[in-house]
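The residues making up each chain are set out below.
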Amino acid sequence: MSDPTPDGWRALDRYFTDTLVGAEPGLDQAVRDQADAGMPAIEVAPVNGKFLHLLARIAGARRVLEIGTLGGYSTIWLARALPEGGRVVTIEAEPANAAVARASIDRAGVGALVDIRVGRGEHVLPTLAGEEPFDLVFIDADKESGALYLDWAARLGHPGTVVVVDNVGRAGRVADPGDTSAQVEGTRRALELLASDPRFEATALQTLDAKGWDGIAVALVV
Ligand SMILES: C[S@@+](CC[C@H](N)C(=O)[O-])C[C@H]1O[C@@H](n2cnc3c(N)ncnc32)[C@H](O)[C@@H]1O
């Protein structure tokens with residue numbers, strides 16, 4: 001098998017997306033509204049959104065925690081996976097992003113399941129400590145704080161909680177010792193914590209989708 005060319009992997013991602021994800025009006029509109037509001041197109045790719053959705057269903061998740069809402073695209077995918085009475089608590093630092101997300105989530109019909117907490121993760125996470133534990137945690141905010149967010153994921157989860165960390169590949173830069181950018185260093189600290197912290201069992205997968213070459217870490221709280 002030959003290595004993928006950009007044209008080749010984009011065509012395959014389109015094929016997977018068209019074949020297995022298809023048009024999703026509420027989700028597609030959320031992406032358009034995010035663009036119209038001038039927000040960056042840094043939501044997960046459709047195949048990854050559906051992956052999160054399926055993972056939540058496979059895990060039988062009832063309570064989901066997301067760090068990094070943006071325009072609510074991944075939030076809608078996650079909320080659609082929940083049973084009646086389920087909840088997504090999603091944390092977003094930028095009030096303007098949270099407002100766009102709120103409108104898109106409501107229009108997608110899952111507003112009653114989603115609680116958006118506006119503030120920085122480091123400030124909001126401690127306020128969740130008294131709540132019922134989360135069954136799935138999706139970490140997709142500032143990459144510098146990945147290790148801090150993982151520590152909170154373990155504290156706010158329970159044995160069996162699934163944790164997903166986005167953007168752990170960064171086009172291969174995470175494996176380049178010469179790259180000492182804050183985002184890459186933060187990602188390495190997060191992966192090292194997953195490797196050394198006895199609260200987790202983890203692995204990571206490279207991804208090559210509409211968003212380029214990256215990766216996700218998947219962990220279980222043990
Ligand atoms: C990659 S985007 C999230 C994408 C979203 N999960 C999706 O796939 O649709 C990251 C988001 O995290 C937010 N963010 C950045 N730093 C943050 C922090 N310290 N606390 C909470 N949110 C933060 C950004 O404002 C941005 O909206």
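For the structure itself, consult the block above.
First, a word on scope: everything that follows refers to the structure included in this document. (Residues numbered from 1 in each chain as written. Predicted model: local features only at pLDDT ≥ 70, side-chain atom pairs only at ≥ 80, totals over all residues. Heavy atoms only, no water.)

### Observations regarding the packing of aromatic side chains
The line we're drawing: The criterion for an aromatic pair is that two Phe, Tyr or Trp rings (for Trp, the six-membered ring) have centres within 6.5 Å, with stacked assigned to planes under 30 degrees apart, edge-to-face to planes over 60 apart and tilted to the rest. In this analysis the charged atom, NZ for Lys or CZ for Arg, is taken to sit over a ring once it is within 6 Å of the ring centre and within 35 degrees of the ring normal.
Counted according to the given criterion, the structure contains 1 aromatic pair. Note on Y15 and F16: the rings are 6.2 Å apart at their centroids and 50° apart in plane angle, and the pair reads as tilted. The ring centre of F134 lies 4.5 Å from the NZ or CZ of R63, which sits over that ring. It is R155 that lies over the ring of W152; its NZ or CZ is 4.2 Å from the centre.

### Description of the site of the ligand
Keep this limit in mind: To be near a molecule or strand, a residue needs just one of its heavy atoms within 4 Å of it. Residues adjacent in sequence count toward polar contacts only when both atoms are side-chain atoms; beyond that, a polar contact is any pair of N or O atoms within 3.5 Å, and within protein one must be able to donate a hydrogen and the other to accept it. Note on areas: these come from Shrake-Rupley sampling with a 1.4 Å probe, and a residue is covered only by the protein chains present in the view. Each residue is assigned to one of three groups, with Ala, Val, Leu, Ile, Met, Phe, Trp, Tyr, Cys and Pro labelled nonpolar, Asp, Glu, Lys and Arg labelled charged, and all others, Gly among them, labelled polar.
Neighbouring the ligand are 21 residues; G68, S74, E92, G121 and D140 lie closest to it. Separating an oxygen atom of the ligand from a backbone N or O atom of V44 is a distance of 2.9 Å. In this structure, an oxygen atom belonging to the ligand sits 3.1 Å away from a side-chain N or O atom of N97. Alone, the ligand offers 610 Å² of accessible surface; in the complex the protein occludes 90% of this. Here the residues of the shell around the ligand sort into 8 nonpolar, 6 polar and 7 charged.

### Quick notes on the pairing of strand β5 (residues 162–166)
Threshold: Residue exposure (1.4 Å probe, protein chains only): buried if accessible area is under 20% of the type maximum, exposed if over 50%, otherwise partly exposed. Helix and strand assignments come from DSSP, with helices taken as H or I runs of at least 4 residues and strands as E runs of at least 2, each series counted from the N terminus. Strands are labelled as partners when DSSP assigns at least two bridges between them. Classification remark: right-handed applies to a crossover when, strands pointing away from the viewer, the course from the first strand over the helix to the second runs clockwise.
Most of β5 sits inside the fold, with 5 of its 5 residues counted as buried. Of the two faces of β5, the one holding V162, V164 and D166 and the one holding V163 and V165 are both buried throughout. Across 4 bridges, the pairing between strand β4 (residues 136–139) and β5 is parallel. Within the sheet, the bridge partner assigned to L136 lies in β5 and is V162. Read as a crossover between parallel neighbours, the route from β4 over helix α7 (residues 146–156) to β5 is right-handed. Here β5 pairs with strand β7 (residues 212–221) via 5 bridges, running antiparallel. Its bridge partner lying in β7, D166 is registered against I216.

### So, the side chain of R63
Note the threshold: Any two residues whose heavy atoms approach within 4.5 Å at even a single point are treated as in contact.
With respect to the element layout, R63 can be found in strand β1 (residues 63–67). Setting aside chain neighbours within four positions, we find R63 in contact with R87, E131, E132, P133, F134, D135 and L136.

### Remarks on the sheet that holds β7
In plain terms, the rule: Each axis is a line fitted through C-alpha atoms, and for a helix only the stretch in contact is used; angles between axes span 0 to 180 degrees, taken between their N-to-C directions.
Judged by pairing direction, the sheet is mixed, and its 7 strands sit side by side in the order β3-β2-β1-β4-β5-β7-β6 without closing on themselves. At either margin of the open sheet sits one strand with a lone partner, and together these are β3 (114–118) and β6 (200–209). Between one strand and the next, the sheet's axes are offset by a mean angle of 15°, whatever the strand orientation. Where β1 meets strand β2 (residues 87–92), 5 bridges bridge the pair, whose relative direction is parallel. Note that in β2 the partner of V64 across the bridge is V88.

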